Amino acid sequence: MGDERPHYYGKHGTPQKYDPTFKGPIYNRGCTDVICCVFLLLAIVGYVAVGIIAWTHGDPRKVIYPTDSRGEFCGQKGTKNENKPYLFYFNIVKCASPLVLLEFQCPTPQICVEKCPDRYLTYLNARSSRDFEYYKQFCVPGFKDNKGVAEVLRDGDCPAVLIPSKPLARRCFPAIHAHKGVLMVGNETTYEDGHGSRKNITDLVEGAKKANGVLEARQLAMRIFEDYTVSWYWIIIGLVIAMAMSLLFIILLRFLAGIMVWVMIIMVILVLGYGIFHCYMEYSRLRGEAGSDVSLVDLGFQTDFRVYLHLRQTWLAFMIILSILEVIIILLLIFLRKRILIAIALIKEASRAVGYVMCSLLYPLVTFFLLCLCIAYWASTAVFLSTSNEAVYKIFDDSSCSLTAKTCNPETFPSSNESRLCPNARCQFAFYGGESGYHRALLGLQIFNAFMFFWLANFVLALGQVTLAGAFASYYWALRKPDDLPAFPLFSAFGRALRYHTGSLAFGALILAIVQIIRVILEYLDQRLKAAENKFAKCLMTCLKCCFWCLEKFIKFLNRNAYIMIAIYGTNFCTSARNAFFLLMRNIIRVAVLDKVTDFLFLLGKLLIVGSVGILAFFFFTHRIRIVQDTAPPLNYYWVPILTVIVGSYLIAHGFFSVYGMCVDTLFLCFCEDLERNDGSQERPYFMSPELRDILLKGSAEEGKWAEAEE
């Protein structure tokens, strides 16, 4: 046995030796990975330059406001269309043309109007009636009634027909509805095409659908937006409740770690059990109701998710999923019961560390603020880059003109040679684009924008991990706790990280960002290859995505432990990563016994908070409970605020538990270092608390069994 252990250590590095001068995080340290620090600063300068260029050329109004045939915005303040917020199509049926897919613009004149048409009216009838003044507001700006009817319609000065319409996403679409099984627009089942013939409304419906292929998606988005506008107040209250529960749980964990862990385990089992019971009751209640036995496959996809809750099969699926999750958790608890007792001792030690560094609970707010800055800069730059194209005008002609789809200048087109060759052609706005070098480089700039976002976001997360690791390492290596703790361990660790290790943090974040941007590119390529029938390409793409996903997880794990070693010893990134990896390999049994079991317990804590808040949100937004005199607002989809509260609650709980998670990981590595440096004698005393010595005895016994198995 004694011969095997040195051989094992030889394969995984050299254990740390006893050093009487070592008292925790080293204060006399130097700058590490300076080259990466320089690269990061240069990249940030370049990122700022890209942002300035994007802000100079970009125009977010192109996303917010619709654009007429002249490339002018509808409804924007300070323009002549300020009081005309809606876009009106002269002939919506022409939007069914394939040019819509190729050019992203309907081949029909479009103007900005104050309001959408509310009546059915033809140009021929309006001209000979009192409705002509009303009709003229839907003609091109500056229209003068000095042409014949045929000339007006030929030149596209006015639409041939007005159809009752409703605004959707600031665009006028026919107000189509069904009456006794007959499709109608207003009170009409047919419409006149402007040439004296009448057509069925069904033709108009098909054209309208093709004009807006994502009409249902837009309607869904608008309804979701409406739900947010009426429920945002209650969503914030739900998130505040989640924050209060997380903070209360962390505080109780500080003083009652053992009891809280078992309460957490029991509560998770009870919450899942109630979920199973509720699903069963709903499943039983729907027995015999008309339409409840329709299968999910037969029903297909529905934008109104409430429909699924009227199916027995939905509740059966929920019940099966929750039952499987309940069984898995119970089995894990049975097989890990001894290791859970060991992990509870480590959580108690982490609770004491957090108690002495209470300001560490507020540090996630700093990380959240910095991440918000990164997200805001990335999103604004992406929007400005995507809207920095110039207005491109092209020739549109209903007849067979050879110049159709050629670029043109709307100011000179009436007197140009193209206008004489194609008398019926129109020069109108087609899309936003450009042929300059800047416009050709837009895709590359967007990739650089995404890459810098990943790099800076990972840097912010790394800074938080090093800061927390330095503070908790100061606690562990204080022989007399808390007397030997520095005055401000968190601020000291934050200062050391920025002053000495910006380059190392940038190095680790850079490696992770490269892997993440490759994953984004693979996802983009996968979307482009979905239409292909090449099975080999699909298989290769799936394998690459899986491999890079695993690589990202491994790099995150390695970086996290490397940052702990950086916080303690002040070494560069590569040295810290190597030492952390070998240290974990030399204590691989303890990694499985302690580290991962505590992660599992923290996951149960998150599930408890999320489940409790989620159940409360479900009962409230489905009008099953009231808070004082208030009740939930009427919603299109009550799952919108419920899912928002659940996701937000998980993020909030994860933010609080991440402090404990980092504390446990730091104490675990320090614990392994302490075992190698010291032996518990008076000359070489352990820095760990007496509770952790019990973990030492159990860990050593399990390691001895593992070594015997290896022998």
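Since the model is a prediction, treat every value here as computed from it, not as a measurement.

Q: What exactly am I supposed to notice about empty space enclosed by the protein here?
A: Unfilled space is identified by rolling a water-sized probe across the atoms. Evaluation of the coordinates by the stated rule reveals two cavities of 30 Å³ or more. Within this model, the largest cavity holds a volume of roughly 120 Å³. In terms of lining, the largest cavity is formed by eleven residues, of which the most central are Trp 234, Gly 238, Ile 241, Leu 616 and Ala 617. Elements with a contribution of two residues or more to the lining of the largest cavity: α9 (215-255) and α22 (588-621). Looking at the lining of the largest cavity, its residues break down into ten nonpolar, one polar and no charged.

Q: How do you make sense of the packing of helix α20 (residues 535-569) against helix α23 (residues 639-677) when you look at a structure like this?
A: Relative placement of two packed helices is described by the angle separating their axes and the distance separating the axes. Remark: α20 packs on α23, axes separated minimally by 10 Å, with the N-to-C direction vectors making an angle of 65 degrees. Here α20 runs over α23; the crossing is right-handed. Taken together, the residues of α23 that come into contact with α20 (itself represented by Arg 560, Asn 561, Ile 564, Met 565, Ile 568 and Tyr 569) are Ser 658, Gly 661, Met 662, Asp 665, Thr 666, Leu 669, Cys 670, Glu 673 and Arg 677. Here the contact of α20 with α23 is composed, by residue class, of seven nonpolar, four polar and four charged.

Q: Even after reading the chapter, I still don't get the pattern of salt bridges, so can you show me in this structure?
A: Side chains that differ in sign of charge can pair as their charged atoms come close. Scanning the entire structure with this criterion turns up twelve salt bridges. Lys 545 serves as the salt-bridge partner of Asp 526, at 3.1 Å between the closest nitrogen and oxygen. Residue Asp 526 is located in helix α19 (residues 502-529), and its partner Lys 545 is located in helix α20; the two are separated by 19 residues in the primary sequence. Take Lys 545: its relative accessible area is 23%, and that puts it in the partly exposed class. Residue Glu 552 is joined to Lys 556 by a salt bridge in which the shortest nitrogen-to-oxygen separation is 3.5 Å.

Q: Can you help me understand the packing of aromatic side chains in this one?
A: Two aromatic rings, taken as a pair, are described by how far apart their centres are and by the angle between their planes. Taken as a whole and assessed by the stated rule, the structure comprises 31 aromatic pairs. Members of the aromatic cluster, each reached through a chain of ring pairs, are Tyr 47, Trp 55, Tyr 377, Phe 384 and Phe 448. The aromatic ring of Tyr 134 is capped on one face by Arg 119, whose charged end is 3.7 Å from the ring centroid. Its end group placed over the ring of Tyr 283, Arg 312 keeps NZ or CZ at 4.0 Å from the ring centre.

Q: Would you mind showing me how to read the side chain of Thr 502 here?
A: Within the fold, Thr 502 resides in helix α19. Residues in contact with Thr 502, not counting those within four places in the same chain, are Cys 37, Leu 40, Phe 459 and Ala 497.

Q: I'm lost on the environment of Lys 481 in this one. Help?
A: The topology assignment puts Lys 481 in the loop between α17 (442-476) and α18 (489-500). Between the C-alpha atom of Lys 481 and that of Ser 689, which follows or precedes it by 208 residues, the distance is 9.3 Å. Lys 481 has contacts with Tyr 475, Tyr 476 and Phe 687, leaving out every residue within four places of it along the chain.

Q: Where do I start with unusual backbone geometry in this structure?
A: Positive phi values are uncommon outside glycine, yet Asp 33 reaches one of about 50 degrees. The topology assignment puts Asp 33 in the loop between α1 (4-11) and α2 (34-57).

Q: Even after reading the chapter, I still don't get the side chain of Glu 676, so can you show me in this structure?
A: The topology assignment puts Glu 676 in helix α23. Here the side chain of Glu 676 touches Arg 586 through a polar contact of 2.8 Å, side chain to side chain.

Q: Help me out: how do you make sense of a nonpolar patch on the surface in this one?
A: On the surface, Leu 247, Leu 248, Ile 251, Leu 252, Phe 255, Leu 256, Ile 259, Val 263, Ile 266, Met 267 and Leu 270 cluster together to form a nonpolar patch covering roughly 980 Å² of accessible area. Of all the secondary structure elements, the ones that give two or more residues to the nonpolar patch are α9 and α10 (257-285). Position of Val 263 among the secondary structure elements: in helix α10.

About the thresholds
- Once a new chain begins, its residue numbering starts again from 1 and follows that chain's sequence as written.
- Per-residue local features of the predicted model are confined to residues with pLDDT of at least 70, and side-chain atom pairs are confined, for both listing and counting, to 80 or more; whole-chain, interface and lining totals are unaffected and use all residues.
- Side-chain numbers come from the whole structure's heavy atoms, not from hydrogens or water.
- For cavity detection a 1 Å grid was placed over the protein atoms alone, and a set of points counts as a cavity when a 1.4 Å probe fits there but cannot get out; an open set counts as a pocket when protein lies on both sides within 12 Å along at least five of seven lines, with lining residues being those that have an atom within 4 Å of a point.
- Grid points are joined across faces, edges and corners, and a volume is the space filled by probe spheres set on the points.
- Segments assigned H or I by DSSP are reported as helices when at least four residues long, segments assigned E as strands when at least two residues long, and all are numbered from the N terminus.
- Side-chain classes follow a simple rule in which Ala, Val, Leu, Ile, Met, Phe, Trp, Tyr, Cys and Pro form the nonpolar group, Asp, Glu, Lys and Arg form the charged group, and the remainder, Gly included, forms the polar group.
- To obtain each axis, a line is fitted to C-alpha atoms, and for helices this fit is confined to the stretch in contact; angles are then taken between N-to-C directions over 0 to 180 degrees.
- In a left-handed crossing the near helix is turned counterclockwise from the far helix by less than a right angle, and in a right-handed crossing that turn is clockwise.
- Working rule for contacts: check all heavy atoms of both residues, and any pair within 4.5 Å makes them a contact.
- When a carboxyl oxygen of Asp or Glu lies within 4 Å of a side-chain nitrogen of Lys or Arg, that pair is called a salt bridge.
- To sort residues, take the accessible area from a 1.4 Å probe on protein chains only and compare it with the maximum for the residue type: under 20% means buried, over 50% means exposed, and anything in between is partly exposed.
- Geometry of aromatic contacts follows a simple scheme: Phe, Tyr and Trp rings, the Trp one being its six-membered ring, pair when their centres are within 6.5 Å, and the pair is stacked under 30 degrees between planes, edge-to-face over 60, tilted otherwise.
- Each ring is checked for a lysine NZ or an arginine CZ that lies within 6 Å of its centre and within 35 degrees of its normal; such an atom marks a charge sitting over the ring.
- In protein, a polar contact requires one atom able to donate a hydrogen and another able to accept it; more generally it is a pair of N or O atoms within 3.5 Å, and residues adjacent in sequence count only if both atoms are side-chain atoms.
- Residues enter patches when their relative accessible area tops 30% and they take part in no salt bridge; the joining distance is 9 Å for like charges and 5 Å for the nonpolar side chains Val, Leu, Ile, Met, Phe, Trp and Tyr.
- Accessible areas in this description were obtained via Shrake-Rupley with a 1.4 Å probe; residue shielding takes into account the shown protein chains only.

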